[in-house]
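The residues making up each chain are set out below.
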Amino acid sequence: MRSPNPECVDAVPECSSATRSPHLVPEWQSSSWPVPPGVRATHCGDPPPPYAIELNKTVGVEPAVCATTDSITVPPGGFDVYYCYTVRNTGLNTLNVHDLVDSELGTIFTGVNYALAPGATYSHIQQATIYDTVTNTGTWTAYNPSDGNPSASDSDTATVNAVSYTHLRAHE
């Protein structure tokens, strides 16, 4: 569906697809977006929700580094891995208080004060010792108590495969 405003479509050619509808962001929202005051920004598609986040959970073996994969293989019997939880604010408003819970690791933190502006990201790395194959789910919840407590939440999974390498020995 095309916008009824042809200037909007002409200004943003990538929005001219039949599946996307450009619109102008009202000036009152400009202060919530990284847009200079008084400037009207063009945005393709549906407007972002007021409060929304995306969580990306990865796992690796290097301390203090966010890995680039959500699945790894390690030897069984106790191996240290590092889960990285990266949250991105995809909404229009800053989110100020955060909780992170993992299905296998339990509550990682609750009530952490951190101003996560629209478009910004924040990462937390958590070490764990893995003994067996496990897939676990992290759930991040962000909210604003001062605004009547609106919240946003998202979940993501990561898998650690604990595999024995004894079957790879050479035959004698």
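Residues numbered from 1 in each chain as written. Predicted model: local features only at pLDDT ≥ 70, side-chain atom pairs only at ≥ 80, totals over all residues. Heavy atoms only, no water.

**Q** I tried to follow the sheet that holds strand 5 (residues 79-89) on my own but got confused; where do I start?
**A** One open sheet holds the three strands; their spatial order is 3-5-8, and the pairing between them is antiparallel. The open sheet has two free edges, formed respectively by strand 3 (53-60) and strand 8 (121-130), since each of these has just one partner strand. Mean inter-strand twist for the sheet, computed between neighbouring axes without regard to direction, equals 20°. In this sheet, strand 5 lies alongside strand 3 in antiparallel orientation, the contact comprising eight bridges. When the bridges of strand 5 are listed, Val59 appears paired with Tyr83. (Pairing = 2+ DSSP bridges. Helix = DSSP H or I, 4+ residues; strand = E, 2+ residues; numbered from the N terminus. Axes fitted to C-alpha atoms, helices over the stretch in contact; angles between N-to-C directions.)

**Q** Can you help me understand the pattern of salt bridges in this one?
**A** Any two side chains of opposite charge can pair, so long as their charged atoms come close to each other. Using the criterion set out here, one finds two salt bridges in the structure. A salt bridge links Glu54 to Arg88, with the shortest nitrogen-to-oxygen separation between them at 3.0 Å. Here Glu54, found in strand 3, pairs with Arg88, found in strand 5; they are 34 residues apart in sequence, far enough to count as distant. By relative accessible area, which is 34% here, Arg88 ends up partly exposed. (Salt bridge = Lys/Arg side-chain N within 4 Å of Asp/Glu carboxyl O. Buried < 20%, exposed > 50% of the residue type's maximum accessible area, 1.4 Å probe, protein only.)

**Q** What is the right way to look at the state of the cysteines in this model?
**A** As used in these notes, a disulfide is a covalent bond between sulfur atoms, one from each of two cysteines. Within the structure shown, the criterion is met by one disulfide. Sulfur-sulfur distance for the disulfide between Cys66 and Cys84 comes to 2.0 Å. On the sign convention where negative means left-handed, the S-S torsion of about 60° between Cys66 and Cys84 marks this disulfide as right-handed. Taken together, the residues Cys66 in the loop between strand 3 and strand 4 (71-74) and Cys84 in strand 5 connect sequence positions 18 residues apart. Classification of Cys84 as buried rests on a relative accessible area of 1%. (Disulfide = S-S within 2.5 Å.)

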